Amino acid sequence: MKNKAVFLDRDGTINVDYGYVKSPDEVKIFDDVYEALKLLKSKGFLLIVVTNQSGVTRGLMTEDDVVATNEHINSEIKQKIGIQIDKFYYCPYHPDFDGPEKAKCRKPSPFMVLQAQKDFNIDLNKSFFIGDTITDMQCAQNANVGGAILVKTAKDNQIEKLKNYSNLKIDFIADNFADAAKFIIEQSNQILEEN
């Protein structure tokens with residue numbers, strides 16, 4: 001049987017986005033994330049982070065810094081609620097610095113989602129994507145993820161920018177991560193009832 005997953009952006013979705021979160025010291029996880037992650041995990045979802053980290057290629061941090069930050073986020077979550085993110089995928093490249101071939105992993109490309117799909121045998125139709133930017137929503141659409149939820153926790157106003165994207169499929173706009181998780185549970189229950 002295939003797995004279902006919630007794909008998560010990192011900065012601005014799980015933790016506060018200051019522009020570039022360069023080290024564990026700069027991590028501030030949103031308060032409502034903990035219980036929401038626990039709820040999603042209890043309903044059988046894998047938790048998969050897919051994050052652009054072009055600060056690496058820009059020379060603002062190293063890949064070791066990204067890994068250390070991811071590990072710190074996971075240890076904070078585990079310490080508080082006894083679960084953890086199943087896997088972190090990150091793209092350290094940017095086409096302006098590395099060219100399109102190297103940067104093919106960068107969202108809105110579906111590359112990281114499709115890699116996770118292979119690694120974890122994921123049914124994308126039964127999966128969801130929570131992100132704080134239009135790029136995240138484009139990634140969800142490009143990967144054909146079942147549901148896309150935009151959280152209003154970005155460092156800038158993404159809702160205003162939405163007016164320029166008429167063909168973008170967003171299933172729900174959530175005030176915060178907890179609302180996004182509730183929406184996923186409701187949708188997931190509906191799918192179960194229909195089957």
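Residues numbered from 1 in each chain as written. Predicted model: local features only at pLDDT ≥ 70, side-chain atom pairs only at ≥ 80, totals over all residues. Heavy atoms only, no water.

Caption draft 1: Quick peek at the sheet that holds strand β6 (residues 172–174). Ordered in space as β3-β2-β1-β4-β5-β6, the six strands form an open sheet in which the pairing is parallel. Edge positions in the sheet fall to β3 (87–91) and β6, since each of these pairs with one other strand and no more. For this sheet, the mean inter-axis angle between neighbouring strands, taken without regard to orientation, is 20°. When strand β1 (residues 4–8) meets strand β2 (residues 45–52), the two strands line up parallel, connected through five bridges. Within β2, the residue paired with Leu8 across the bridge is Val49. Helix α5 (residues 134–142) rests against β2, β4 (128–131) and β5 (147–151) of the sheet, and its axis sits at about 165° to β4. (Pairing = 2+ DSSP bridges. Helix = DSSP H or I, 4+ residues; strand = E, 2+ residues; numbered from the N terminus. Axes fitted to C-alpha atoms, helices over the stretch in contact; angles between N-to-C directions. Contact = heavy atoms within 4.5 Å.)

Caption draft 2: Expanded view of helix α4 (residues 111–120). Turning to α4, its buried residues number three or more, namely Met112, Val113 and Ala116. Taken end-on, α4 shows its buried residues confined to a sector of 100°, consistent with a single buried face. Considering only its buried residues, α4 is in contact with β1, β2, β3, β4 and α5. Count one or two residues on from α4 and you reach Asn121, which has phi positive near 55°. (Buried < 20%, exposed > 50% of the residue type's maximum accessible area, 1.4 Å probe, protein only. Arc of directions from axis to C-beta.)

Caption draft 3: Inspection of the side chain of Asp17 at higher detail. Examined against the element boundaries, Asp17 turns out to sit in the loop between β1 and α1 (33–42). For Asp17, the side chain forms a polar contact with the main-chain nitrogen of Gly19, separated by 2.9 Å. Contacts of Asp17, omitting those with residues within four sequence positions, involve Asp11, Gly12 and Lys155. (Polar contact = N/O pair within 3.5 Å; in protein donor to acceptor, adjacent residues only side chain to side chain.)

Caption draft 4: Expanded view of the nonpolar core. Among the nonpolar cores identified, the biggest contains 32 residues, and Leu8, Leu37, Leu40, Ile77, Ile85 and Ile130 are the most heavily contacted of them. Listing elements by their share of this core, those giving two or more residues are β1, α1, β2, α2 (63–81), β4, β5 and α7 (177–194). With six residues, α7 is the single largest residue contributor to this core. (Core = buried A, V, L, I, M, F, W, Y, C linked by side-chain atoms within 4.5 Å.)

Caption draft 5: Inspection of the packing of aromatic side chains at higher detail. Per the stated rule, a full pass over the model turns up three aromatic pairs. Between Phe45 and Phe128, the aromatic rings sit 6.0 Å apart at their centres with planes inclined by 70°, giving edge-to-face as the arrangement. Here Phe45, found in strand β2, pairs with Phe128, found in strand β4; they are 83 residues apart in sequence, far enough to count as distant. For the pair Phe45 and Phe128, one class covers both residues: buried. The ring of Phe45 carries Lys4 above its face, with NZ or CZ at 4.3 Å from the centroid. (Phe/Tyr/Trp six-rings, centres within 6.5 Å; stacked < 30°, edge-to-face > 60°. Lys NZ or Arg CZ within 6 Å of the ring centre and 35° of its normal.)

Caption draft 6: Region of interest: the side chain of Asn70. Within the element layout of this structure, Asn70 appears in helix α2. Accessibility expressed as a relative area gives 4% for Asn70, which makes it buried. Of note is the side chain of Asn70, whose polar atom sits 2.7 Å from the side chain of Arg10. Here Asn70 is in contact with Arg10, Phe88 and Tyr90, once residues within four sequence places are set aside.

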